[in-house]
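Descriptive analysis of the structure
So you can see what is in the structure, the chains are spelled out below.
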Amino acid sequence: METLNYRYEHGTRTLPVRPELVGVVSSGNLEVLIEAVDLGGACSVEIKTAARGFGAIWQAVIGDFQQRWQLADIRISINDMGATPAVVSLRLDQAVESMLEEK
């Protein structure tokens, strides 16, 4: 397992306090837990992945996600079992959209 951590400062969009869990950890998939916490306007992402050596790809996918959503005071935890970048983006967007529907 490899653990990757990213932090993005100066987000502008907050989400409801209720946490959201999407996806399932299984072969070729992942789960995403997104929570509203006080991070001084930042968004933090922790990824635990079985696929070692893909840090640059993860950074690009997470960076693109944060650029789209500009999240603030959000902690995201990802448990990955080899999901493709497209599935990662889909699950991240799904989590945010689910939280916004509840707002």
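For the structure given in this document, a descriptive report is provided here. In this text the structure is predicted, and so the values were computed from the model without any measurement.

1. Let's talk about the sheet that holds strand E2 (residues 20-23)
- Overall, mixed pairing links the 5 strands, which are arranged E1-E4-E5-E3-E2 in an open sheet. Two strands in the sheet have a free side with no partner beyond their single neighbour: strand E1 (2-8) and E2. Averaged over neighbouring strand pairs, the angle between their axes works out to 15° when direction is ignored.
- Across 7 bridges, the pairing between strand E4 (residues 43-49) and strand E5 (residues 74-80) is parallel. Looking across to E5, one finds that Lys48 is bridged to Asn79.

2. As for the nonpolar core
- Residues Ile34, Trp58, Leu71, Ile76 and Ile78 are the most contacted members of the largest nonpolar core, which totals 26 residues.
- Secondary-structure elements contributing two or more residues to this core are E1, strand E3 (30-36), E4, helix H1 (55-69), E5 and helix H2 (85-102).
- Ignoring sequence-local partners within four residues, the contact set of Leu71 consists of Gly11, Thr12, Arg13, Leu15, Ile34, Gly41, Ala42, Cys43, Phe65, Gln66, Ile76 and Val96.

3. What to know about the pattern of salt bridges
- This model, assessed by the stated rule, comprises 5 salt bridges.
- Between Arg68 and Asp64 there is a salt bridge, with the nearest N and O atoms lying 2.5 Å from each other. A residue pair is termed a helical-turn pair when its members lie 3 or 4 positions apart in one helix, as Arg68 and Asp64 do in helix H1 at 4 residues.
- One salt bridge in this structure joins Arg68 and Asp93, with 2.9 Å as the shortest N-O distance. Taken together, the residues span a long stretch of sequence, with Arg68 in helix H1 and Asp93 in helix H2 at a distance of 25 residues.
- One network of salt bridges, with partners in common, ties together Asp64, Arg68 and Asp93.

Thresholds applied
Residues numbered from 1 in each chain as written. Predicted model: local features only at pLDDT ≥ 70, side-chain atom pairs only at ≥ 80, totals over all residues. Heavy atoms only, no water. Pairing = 2+ DSSP bridges. Helix = DSSP H or I, 4+ residues; strand = E, 2+ residues; numbered from the N terminus. Axes fitted to C-alpha atoms, helices over the stretch in contact; angles between N-to-C directions. Core = buried A, V, L, I, M, F, W, Y, C linked by side-chain atoms within 4.5 Å. Buried < 20%, exposed > 50% of the residue type's maximum accessible area, 1.4 Å probe, protein only. Contact = heavy atoms within 4.5 Å. Salt bridge = Lys/Arg side-chain N within 4 Å of Asp/Glu carboxyl O.

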